[in-house]
Amino acid sequence: MKDNIILIGYMGSGKTSLGKKLSYKERIALLDTDRMIEQKQGMTVSEIFEKQGEGAFRIMETECLKEILGYTEKYVISVGGGLPIKEENRKLLKELGTVVYLRAKPDTIYARLKNDTSRPLLRGDDPRGKIEDMIGKRGPVYELAADCIIDVDEKGCEVIIGEILEALKLDLRVK
């Protein structure tokens, strides 16, 4: 197993923003799988969903993880919210390093994303209901994929980063 720090969780849980701060604090580069896919495809995640469909995007996520497996440096890796749903991806995440689930309640996610129109899975009626439904389905899968779980509700970035680093130092495992 490699020693990367992998951040998973529902959209809006803080994977990207915390990933940036954590990579800066630990002086290791950040890889964001969504950004990597966007660069490779020359379009946004939303455009990929619209033009090629969610299934094609999920295949791209798996290919991205396989590519990262070949990297030799240590990274903080932020992955898309749906990436851990595939069993193959969960196995690849474990090979890549320690998986940290940034767990957030539906109300927290809704408050953070209610004005964000760039999220293809939240378009349409009742985004709050969609969030609750998807967290209900994805939460157990995230827990299955995680080596440690950090609750992010009502906490600042520095507190959360401290909890992540403490968990990594203690090598806390949820299994």
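Provided above is the structure to which this section pertains.
Residues numbered from 1 in each chain as written. Predicted model: local features only at pLDDT ≥ 70, side-chain atom pairs only at ≥ 80, totals over all residues. Heavy atoms only, no water.

**Q** Got a sec to walk through the packing of aromatic side chains? Specific residues and values, please.
**A** Per the counting criterion, the structure on display carries 3 aromatic pairs. Here the aromatic rings of Phe49 and Phe57 are separated by 5.4 Å at their centres, their planes lie at 50°, and the arrangement is tilted. Phe57 carries the same exposure label as Phe49, and that label is buried. When the ring of Tyr101 is compared with that of Tyr142, the centres are 5.1 Å apart and the planes differ by 55°; the resulting orientation is tilted. Taken together, the residues Tyr101 in strand 4 (residues 97–103) and Tyr142 in helix 7 (residues 127–145) connect sequence positions 41 residues apart. (Phe/Tyr/Trp six-rings, centres within 6.5 Å; stacked < 30°, edge-to-face > 60°. Buried < 20%, exposed > 50% of the residue type's maximum accessible area, 1.4 Å probe, protein only. Helix = DSSP H or I, 4+ residues; strand = E, 2+ residues; numbered from the N terminus.)

**Q** If you had to explain the sheet that holds strand 1 (residues 4–8) to someone new, which residues and values would you point to?
**A** Adjacent strands of a sheet form backbone hydrogen bonds with each other and so pair up, either parallel or antiparallel. Taken together, the 5 strands give an open sheet; going across it, the order is 2-3-1-4-5, and neighbouring strands pair in parallel fashion. The sheet is open, and its two borders are formed by strand 2 (30–32) and strand 5 (148–151), each paired with just one other strand. The sheet shows a mean angle of 25° between the axes of neighbouring strands, direction not considered. Note that strand 1 and strand 3 (residues 76–78) share 3 bridges and pair parallel. Note that in strand 3 the partner of Ile5 across the bridge is Val76. (Pairing = 2+ DSSP bridges. Axes fitted to C-alpha atoms, helices over the stretch in contact; angles between N-to-C directions.)

**Q** Describe the packing of helix 2 (residues 33–41) against helix 4 (residues 54–69), naming the residues involved and giving the relevant values.
**A** Where helix 2 meets helix 4, the axes come as close as 10 Å, and the angle between the chain directions of the two elements is 105°. Classified by the angle between their axes, helix 2 and helix 4 sit roughly perpendicular to one another. Facing helix 2, whose interface residues are Thr33, Asp34, Met36, Ile37, Lys40 and Gln41, helix 4 presents Phe57, Met60, Glu61, Cys64, Leu65, Glu67 and Ile68. (Parallel < 35°, antiparallel > 145°, perpendicular 65-115°, else oblique. Contact = heavy atoms within 4.5 Å.)

**Q** Report on helix 1 (residues 15–26), specifying residues and quantitative values.
**A** Spanning 12 residues, helix 1 covers 16 Å between terminal C-alpha atoms, matching the ideal 16 Å at 1.5 Å per step. Among the residues making up helix 1, those that are buried are Lys15, Leu18, Gly19, Leu22 and Ser23. Taken around the axis of helix 1, the buried residues stretch over an arc of 135°, which confines them to a single face. Exposed side chains of helix 1 directed beyond 90 degrees from the buried face belong to Lys20 and Tyr24. Contact partners of the buried residues in helix 1: strand 1, strand 2, strand 3, strand 4 and helix 8 (157–170). With its phi angle positive at about 60°, Arg27 sits one or two positions after the end of helix 1. (Expected span 1.5 Å × (residues − 1). Arc of directions from axis to C-beta.)

**Q** Go over the packing of helix 1 against helix 8, please, and point to the residues and values.
**A** Taken N-terminus to C-terminus, the directions of helix 1 and helix 8 make an angle of 65°; their axes are 10 Å apart at the nearest point. As for how helix 1 packs across helix 8, the hand of that crossing is right-handed. Facing Leu18, Lys21, Leu22, Lys25 and Glu26 of helix 1, the residues of helix 8 in contact are Cys157, Ile160, Ile161, Ile164 and Leu165. Looking at side-chain class alone, the contact of helix 1 with helix 8 contains 7 nonpolar, no polar and 3 charged residues. (Left-handed = near helix turned anticlockwise from the far one by under 90°. Nonpolar A, V, L, I, M, F, W, Y, C, P; charged D, E, K, R; others polar.)

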